[in-house]
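Fold and geometry: a report
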Amino acid sequence: MMKCGILRIHRKITEFLCELKKVEPEQYYYPEEELHLTILSIISCISGFQLADIDTFSYVGIFKRMQDTESISIKFEGVTISTSCILIQGFPIGEGLNELRNKLRNRYQESSLHTTIDSRYRLSTAHVTAVRFTSQLIN
């Protein structure tokens, strides 16, 4: 059931992006394999950050220990267009997404790992960024 839903969502987003490309071909369209729902930004917006500066296995280890988490459900419906991108709107069903985010926040805070979780804003929405504007819009 879940796989079918994900495949259907990917197909619909891909169809939407194909139509947009006809109108705005110069923008950056996320490839299907890069479309994602951001659960939590662990490290973001740090000038000069290099992946080699951290032990990635330690960060991944926290995710791998998240076996006690219930599944999450998201209803995707509608788009939001900003000055920099187009987002596919997601609406969480139930508390699964919030609970997962809170468990991750707690586990990273309990660790000695460097994070910037919630330093820009507290992530509470559910969306998929589908298009980044790289040039002036034509239409």
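Computed from a predicted structure; not experimentally measured. (Residues numbered from 1 in each chain as written. Predicted model: local features only at pLDDT ≥ 70, side-chain atom pairs only at ≥ 80, totals over all residues. Heavy atoms only, no water.)

Here we take up a nonpolar patch on the surface. A contiguous nonpolar surface patch, about 250 Å² in accessible area, is contributed by Ile46, Phe49 and Leu51. Looking at where isoleucine 46 falls in the secondary structure, it is placed in the loop between strand S1 (28-29) and helix H2 (56-64). (Patch = residues over 30% accessible without salt bridge, like charges linked within 9 Å, V, L, I, M, F, W, Y side chains within 5 Å. Areas by Shrake-Rupley, 256 points an atom, 1.4 Å probe, with all protein chains shown as cover. Salt bridge = Lys/Arg side-chain N within 4 Å of Asp/Glu carboxyl O. Helix = DSSP H or I, 4+ residues; strand = E, 2+ residues; numbered from the N terminus.)

A few words now on the pattern of salt bridges. Any two side chains of opposite charge can pair if their charged atoms end up close together. Inspection of every chain in the model, using the stated rule, returns 3 salt bridges. Residues arginine 11 and glutamate 15 are paired through a salt bridge, measuring 3.7 Å at the closest nitrogen-oxygen approach. In this pair, arginine 11 and glutamate 15 are both assigned in helix H1 (residues 2-23), 4 residues apart and thus about one turn of the helix distant. Arginine 11 gets classed as partly exposed once you look at its relative accessible area, which sits at 45%. Among the ionic pairs, lysine 22 bridges to glutamate 19, the shortest N-O distance being 3.0 Å. With lysine 22 and glutamate 19 both in helix H1 and 3 residues apart, the pair spans about one turn of that helix. (Buried < 20%, exposed > 50% of the residue type's maximum accessible area, 1.4 Å probe, protein only.)

This next bit is on the nonpolar core. Counting 11 residues, the largest nonpolar core consists of Ile13, Leu17, Tyr29, Tyr30, Leu35, Ile86, Ile88, Val128, Ala130, Val131 and Phe133. Sorting the residues of this core by element identifies H1, strand S3 (85-93) and strand S4 (126-132) as the ones contributing at least two each. When residues in this core are grouped by element, the largest group, 3 residues, is from S4. Each residue touching valine 128, except ones within four places of it in the same chain, is listed here: Leu35, His36, Phe76, Ile86, Leu87 and Ile88. Grouped together as the second largest cluster of nonpolar side chains are 9 residues, Tyr59, Ile62, Leu100 and Tyr108 included. (Core = buried A, V, L, I, M, F, W, Y, C linked by side-chain atoms within 4.5 Å. Contact = heavy atoms within 4.5 Å.)

Between H2 and helix H3 (residues 96-110), the least distance of the axes is 10 Å, while the angle of their chain directions is 140 degrees. With respect to each other, H2 and H3 are oriented oblique. As for how H2 packs across H3, the hand of that crossing is right-handed. Together, Tyr59, Ile62 and Phe63 of H2 and Leu104, Arg107 and Tyr108 of H3 make up the contact between the two elements. (Axes fitted to C-alpha atoms, helices over the stretch in contact; angles between N-to-C directions. Parallel < 35°, antiparallel > 145°, perpendicular 65-115°, else oblique. Left-handed = near helix turned anticlockwise from the far one by under 90°.)

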